[in-house]
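# A structural walkthrough
These are the residues of each chain, in order.
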Number of protein chains: 2
Amino acid sequence: MAKPKKEPRPKAETPKGFRDYFGAEVTTRAAMLNAIAGVYHRYGFDALESSAVETVEALGKFLPDVDRPNEGVFAWQDEDEKWLALRYDLTAPLARVYAQHRNDLPTPYRRYAMGPVWRNEKPGPGRFRQFYQCDADTVGTASMAADAEICAMLADALEEVGIPRGDYVVRVNNRKVLNGVLEATGVTDPDQQAAVLRTIDKFDKVGESGVRELLGKGRLDASGAYIDGVGLSDERAEVIVSFLNSKKIVEAELREGPPQPDDRIPGGMGIILNDPHERSEQAGQAWNWAVMDHLMRLVGTTEIGFQGLKELGEISDLLAAQGYGPDRIVIDPSVVRGLGYYTGPVFEAELTFEILDEKGRPRQFGSVAGGGRYDDLVARFTGQQVPAVGVSIGVDRLLAALHAKGKIGSAERGPVVVTVMDRDRMADYQAMVGELRQAGIRAEVYLGNPKNFGNQMKYADRRGSPIAVICGGDEFAKGVVQIKDLILGAQIAENATVEEWKERPSQYEVPRAALVDKVRDILAEQR
Amino acid sequence: MAKPKKEPRPKAETPKGFRDYFGAEVTTRAAMLNAIAGVYHRYGFDALESSAVETVEALGKFLPDVDRPNEGVFAWQDEDEKWLALRYDLTAPLARVYAQHRNDLPTPYRRYAMGPVWRNEKPGPGRFRQFYQCDADTVGTASMAADAEICAMLADALEEVGIPRGDYVVRVNNRKVLNGVLEATGVTDPDQQAAVLRTIDKFDKVGESGVRELLGKGRLDASGAYIDGVGLSDERAEVIVSFLNSKKIVEAELREGPPQPDDRIPGGMGIILNDPHERSEQAGQAWNWAVMDHLMRLVGTTEIGFQGLKELGEISDLLAAQGYGPDRIVIDPSVVRGLGYYTGPVFEAELTFEILDEKGRPRQFGSVAGGGRYDDLVARFTGQQVPAVGVSIGVDRLLAALHAKGKIGSAERGPVVVTVMDRDRMADYQAMVGELRQAGIRAEVYLGNPKNFGNQMKYADRRGSPIAVICGGDEFAKGVVQIKDLILGAQIAENATVEEWKERPSQYEVPRAALVDKVRDILAEQR
């Protein structure tokens, strides 16, 4: 008779592109998100946890005339043939939730959401198919106060988690200003507009001269390939280059002397100011006004550009009223990321401190959050345009930044380990550990095989334990315990002379009743 | 020419069996889980967040000779043809994680995990296809100290989230004692054993006489159907009934007088006690010992039953050493849930306070957590038996209990709302709200259309706002603000006489500079 076929053992591994998070990886992220949630809550935002699973239809991931969901999502067919999928971001579910519950939600609706999202994409180094997002959006108001509020909230959130003032800046731009640039340069053909947008996106990489070439006749790539140009005249290209160079130009202007607002602002700009005398009061705003003056000269003649500048002026005013100056939140036309997606103001939070890249060269840490205004959130469901503005913090990026700043340690301190010298006294060891926990001290009894004491010390080492408690027959008889300072012990073992060794013992014998106090003292000293 | 086909609008709805969580539903759950995590951490447990997606193979959800995943999971095929699925609990992923990372993890490995799991089941009222689990497990030790520790930790966790001592009890039983009962009754046929287990599970429903019938010749169901009996003799059935009635029997015995341990304990039981004199010292343990004496008489002659009682005795001793008496954690043979799954001790946390059921009758709240020892966690992956013990808290059940006890409110207090009387003074309103937030007070500016002031007050009402701040042209001119206590206002509107109304104004005019202080005072009074 044939043996029954034995099933092969399953492989113990995560699916490709997924990973597990251990210990401090979980708790530091949770603590960071909790701190951010506290700020969002203070701003009147309400938590929302939408279902992780959505209909593919609601996600908008069905293409017309295609009978499988779009790429990029993990999808399957439910029993009733409906396609379901894991959410790929937190914005598409917000649209569904707002359309579904709009009669029960306040208007405007401020909500924050934090949680994993899933992308059915090719995984790569550091690119996972499940990761956290952390979003805040205000739905249902076109008021620039909503945009200003989100910028202020973003600044507060960064400070709350430990990015000091001066180490970050929130840059604000406006899609409408860019539209004004396009109009002012006479680029009306949609394909040509798209080509200009792509070129603007490359500014960081190819620089001013590269952009000039790409906007004009074309450019020989570093790889030797020839990239066709957009074909603009030099004069038209100059408007775009001047837009991209706004920061440099304004810096040069300001070096010549403080701005003289009354001379420089074209008439129309007066509308932006509630009251001209505020200018002088808000000296900190000088930079913002200088930038807007510059942009006004570029696009002030176009209706859309003027509208965009008016919005930026409002945001700047509202922020100034709350004490957020350009040192924290600044008008900056160099923010071009996401301009294709957003319809009004766009913002990006950048960390300005330097870290070393993989080759050891210093570079700015860079972007950790971005957002902007978008107006077609729920129209897909209801046919009604609902204005909305939101921000998304890159959770992994911000965690990496906090690590880089030394704000979160790489390893968490482990528990105090009560070792087991006599298996029959387990109840006594449990009593010790119980007392420590009652006192709020993280502690555990060694629960492995206690035969080999060396293994217990190795265990304590692997756990990152600060202290080991040792109590055998002699100690029980004398009514004492041995308390070993493992951190000091390790330092001494590494560095100390024999004299120091003798002078600074790392192990103490104390009465049993003094266990908790002594452990507490040592922990306090170790901090 | 035909019009291009217009796509129908997608429906804004969650998939069947899924739901969204709003505001306080999210934050109260997060706060509860955070409190529990604090206790787990203090006990030396480390956080683990495994990937939500697993290979179907690792979940063990492939049946032999079936080419689709087992029912009960949401599964789909990855690009490389591998079947992936959403985790359906937190234990299967723990097995995979432990097998995958065992060389890097301490032994034993204490871990906790909290997060959503997904079940592809028919949804029903209150039954969702995504819900939270909250687990703690110790992997890699057979020591009863691990079981005792988890029981103590469970009791601490319940108290930490707000269930007072006396309102809960952790009941502990042991699968091995049940096996002893089966052996003592001579039930060796696996089918008959299974039938006995099913009958035991029905004890709560059919009572003592029903169990007698089901163990014997059979029973006429309430529905009129006849249920075949197991066919045991009355004498054998009596052992099982006596096991199920342990609590009642022991209660009757204890009423006759305090137990006289030395007379009553069969010789073998002495092994359980480290030291006979401890008995008198641990008067609180009397109940546990009386129960174990009773069980000893039933199953003490079987090796497995004796082993089970020895384990229960160890757990009782270890808990007593840490001060956990039977008022909190008690040996109780009536715990039968999960006995089919677990291999050693099993435990269940029950809340003993009464709530009203849907018909208004008082009943005990019941179970909120359960767990036990299981030994085949990772053998599927590695071939090696690894002992483990764990507990799972029913997150939604415990939240419902906290609601029932009034520990968490149904509605969260909303933000202070700064109303907009003059759209052009938005910067001033933002300054007010900025000051309030700086002072840690949850506050927002009304960002809807400010034209209709009534709508602003309706908005404040819908937001559950405690206070509205009102400032129009007159107030700006006088340098004051109006502060309206909305909670007192609502009370007065409902109950007050005209005199009270006059005496207790709910609206105050204060200097602009006193805004934050006055708001803080009113909030403090409202608590």
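Before reading further, recall that the structure is shown in the block above.
Residues numbered from 1 in each chain as written. Chains lettered and ligands numbered in written order. Predicted model: local features only at pLDDT ≥ 70, side-chain atom pairs only at ≥ 80, totals over all residues. Heavy atoms only, no water.

## A word on unusual backbone geometry
In terms of backbone geometry, most residues other than glycine have negative phi values and most peptide bonds are trans. All names here are of chain A. Going by this rule: Each helix is a run of H or I in the DSSP string that is no shorter than four residues. Each strand is a run of E no shorter than two, and both are numbered from the N terminus. Burial status follows relative accessibility: with a 1.4 Å probe on protein chains alone, a residue under 20% of its type maximum counts as buried, one over 50% as exposed, and anything between as partly exposed.
A cis geometry characterises the amide bond from T107 onward to P108, with omega recorded as -5°. Checked against the element boundaries, P108 lands in the loop between α3 (91-101) and β6 (109-118). The phi torsion at E81 lies on the positive side, around 75°, for a residue other than glycine. Residue placement: E81 occurs in the loop between β4 (75-77) and β5 (83-86). Judged by relative accessible area, which is 56%, E81 ranks as exposed.

## What to know about the pairing of β6 of chain A
Residues and elements named next belong to chain A. The condition that has to hold: Paired strands, in this sense, are two strands between which DSSP finds at least two bridges.
With nine of its ten residues buried, β6 lies for the most part within the structure. By the bridge criterion, two bridges tie strand β2 (residues 46-49) to β6 in an arrangement that is parallel. The residue bridging D46 from the neighbouring strand is R111, located in β6. By the bridge criterion, ten bridges tie β6 to strand β7 (residues 130-139) in an arrangement that is antiparallel.

## Some details on the interface of chain A and chain B
So the rule is basically this: For this analysis, residues touch if any pair of their heavy atoms sits within 4.5 Å. In short, buried area is how much 1.4 Å probe accessible area vanishes from two parts on joining, totalled over both. The term salt bridge refers to a side-chain nitrogen of Lys or Arg lying within 4 Å of a carboxyl oxygen of Asp or Glu. Residues adjacent in sequence count toward polar contacts only when both atoms are side-chain atoms; beyond that, a polar contact is any pair of N or O atoms within 3.5 Å, and within protein one must be able to donate a hydrogen and the other to accept it. Residue polarity follows a fixed list, in which Ala, Val, Leu, Ile, Met, Phe, Trp, Tyr, Cys and Pro are nonpolar, Asp, Glu, Lys and Arg are charged, and the others, Gly among them, are polar.
Listed by partner, the interface residues are 105 residues for chain A and 105 residues for chain B. Between chain A and chain B lies a buried interface of about 8300 Å² when both sides are counted; carbon and sulfur atoms form 52% of it. Looking at the side of chain A facing chain B, the largest losses of area belong to E49, R437 and L447 of chain A, adding up to 9% of the total buried there. One can count 18 salt bridges joining chain A with chain B. Across the salt bridge formed by R129 of chain B and D78 of chain A, the nearest N and O atoms sit 2.9 Å from each other. Taken together, chain A and chain B are joined by 53 residue pairs in polar contact (both at pLDDT 80 or more). Per element, the largest residue contribution to the side of chain A that touches chain B is eight residues, and it comes from helix α16 (residues 426-438) of chain A. Its residues assigned to classes, the side of chain A that touches chain B comprises 47 nonpolar, 26 polar and 32 charged. As paired elements, strand β1 (residues 21-22) of chain A and strand β2 (residues 46-49) of chain B share two bridges and run antiparallel to each other.

## Here we look at the sheet that holds strand β19 (residues 507-511) of chain A
Across a sheet, strands are paired by hydrogen bonds formed along the backbone, either parallel or antiparallel in direction. Residues and elements named next belong to chain A. Condition: A fitted line through C-alpha atoms represents every axis, and for helices the fit uses only the stretch in contact; the resulting angles, taken between N-to-C directions, go from 0 to 180 degrees.
On the basis of which strands lie adjacent, the open sheet formed by five strands has the order β16-β15-β17-β18-β19 and mixed pairing. Each of the sheet's edge strands pairs with one partner strand only, and the pair in question is β16 (443-445) and β19. The sheet shows a mean angle of 25° between the axes of neighbouring strands, direction not considered. Direction of pairing for strand β15 (residues 416-418) relative to strand β17 (residues 467-470): parallel, over a ladder of two bridges. Looking at the pairing, V417 lines up with A468 of β17. Most of the contacts of α16 go to β16, to which it runs at about 175°, and overall it touches β15, β16, β17 and β18 (480-485). The strands that helix α19 (residues 486-495) touches are β17, β18 and β19; relative to β18, the one it contacts most, it runs at about 55°.

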